[in-house]
Amino acid sequence: MGKKLIVGNWKMHLTMQEASLYLHKLMKMISSHRDVETVVAPTILTLQSLSLQVNRRLIKLAAQNCYWRDYGNYTGEVPAAHLRGLVDYVIVGHSERRYVFQERDRDIRLKVQAALRNHLQPILCIGETLQEKTLGETADALHDQLLSGLANVTADEFDRIVIAYEPVWAIGTGESANPADVRRAIKTIRRQIQQLFGKKASTEVRILYGGSITVEKASDYLRIDGIDGLLIGGASLDAYQFIDIIEKAHNSNREGK
Ligand code: 13P
């Protein structure tokens, strides 16, 4: 039973002071479990100070986004090159980036490469829209997003990639995907990875689920065959709820042994 990866995506929440208090609370209350890796993704503004405060043996940091060029005249952007050393992971291609900020496949592909070039681990988010789900096109959507996001990634680099399956219609809606559908989507993803990078890569790649996960629902998802963890939005904003989910990840590993 592999280590579970639990990532809290704070999105555009928690001010500098709130984020620091949260981290303080989390570090005080969290139990160190060898079988769970905990990551939080705060806003970009707070990353510098949180990186000084965090005990990286307990909690790792992720950025929610990055720009793909390493420097230049790109007003308002933060390059992966500047995140190097501050964070271990960077979320790439989150559906809010794809649909609210109109990021295209090419942007996402270049961001994956920029993250790898700068020694960060990309968490590549993929997932179908409601329309694609309704039309029965989930597998095609996942296939296209994987193919395009991972183009130009070498087999060696692929070791550092995490995939997050986040159905667009399940994000922040309170409606999470049916566990049987998540299991099917994970199988589809592994099959595609096998075609791209071989059998070993397809069994070893870490795949997370995200979309309206709550403390109550977490165990059902952590038990899904082939799942390696969760990417949590709303429920990660409360340190107590986030810790409850981490404990569930630890327990699910013990049950699975
Ligand atoms: P919610 O858990 O709030 O649905 O958000 C999921 C998500 O987008 C994580 O990246």
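Small disclaimer: the values here were computed from a predicted structure and weren't measured.

> Just checking my understanding: could you explain the pattern of salt bridges for this structure?
Should their charged atoms come close, side chains of opposite charge can pair. Overall, the coordinates contain 13 salt bridges when judged by the stated rule. Between Glu37 and Lys60 there is a salt bridge whose closest N-O contact spans 3.3 Å. Of this pair, Glu37 sits in strand E2 (residues 36–41) while Lys60 is found in strand E3 (residues 60–63), placing the two residues 23 residues apart along the sequence. For Glu37, a relative accessible area of 11% translates into the label buried. Look at Lys60 and you get partly exposed, because its relative accessible area is 28%. Note that Arg206 is salt-bridged to Glu37, the shortest N-O span being 3.1 Å. Of the two residues, Arg206 sits in strand E7 (residues 206–210) while Glu37 sits in strand E2, which places them 169 residues apart along the sequence.

> So what exactly am I meant to see when it comes to the state of the cysteines here?
One way to say it: the disulfide is the covalent bond shared by the sulfur atoms of two cysteines. Inspection of the entire model under this criterion finds zero disulfides. Take Cys66: it sits in no disulfide, and the sulfur closest to it among the cysteines is that of Cys125, at 12 Å.

> I tried to follow the pairing of strand E8 (residues 229–232) on my own but got confused; where do I start?
Strand residues, when the strand is regular, have side chains that alternate between the two faces of the sheet. Where burial is concerned, the two faces of E8 agree: the one with Gly229 and Leu231 and the one with Leu230 and Ile232 are both buried. Alignment of strand E1 (residues 4–9) against E8, held across four bridges, turns out to be parallel. The residue of E8 that forms the bridge with Gly8 is Ile232. Here E7 pairs with E8 via three bridges, running parallel. By the bridge assignment, Leu208 is partnered in E8 with Gly229.

Definitions and cut-offs
- Per chain, residue numbering runs from 1 following the sequence as it is written.
- Local features in this predicted model are restricted to residues whose pLDDT is 70 or higher, and side-chain atom pairs enter the listing and the counts only when it is 80 or higher, whereas totals over whole chains, interfaces and linings include all residues.
- Excluded from the side-chain calculation are hydrogens and water; included are all heavy atoms of the structure.
- Should a side-chain nitrogen of Lys or Arg be within 4 Å of a carboxyl oxygen of Asp or Glu, the pair is scored as a salt bridge.
- In this text, helices come from DSSP runs of H or I with a minimum length of four residues, and strands from runs of E with a minimum of two, each type numbered from the N-terminal end.
- Here's how the labels work: a residue is buried when its accessible area is under 20% of the maximum for its type, exposed when over 50%, partly exposed in between, all with a 1.4 Å probe on protein chains only.
- Throughout, disulfides are identified as pairs of cysteine sulfur atoms within 2.5 Å of each other.
- Two strands qualify as a pair provided that DSSP identifies no fewer than 2 bridges between them.

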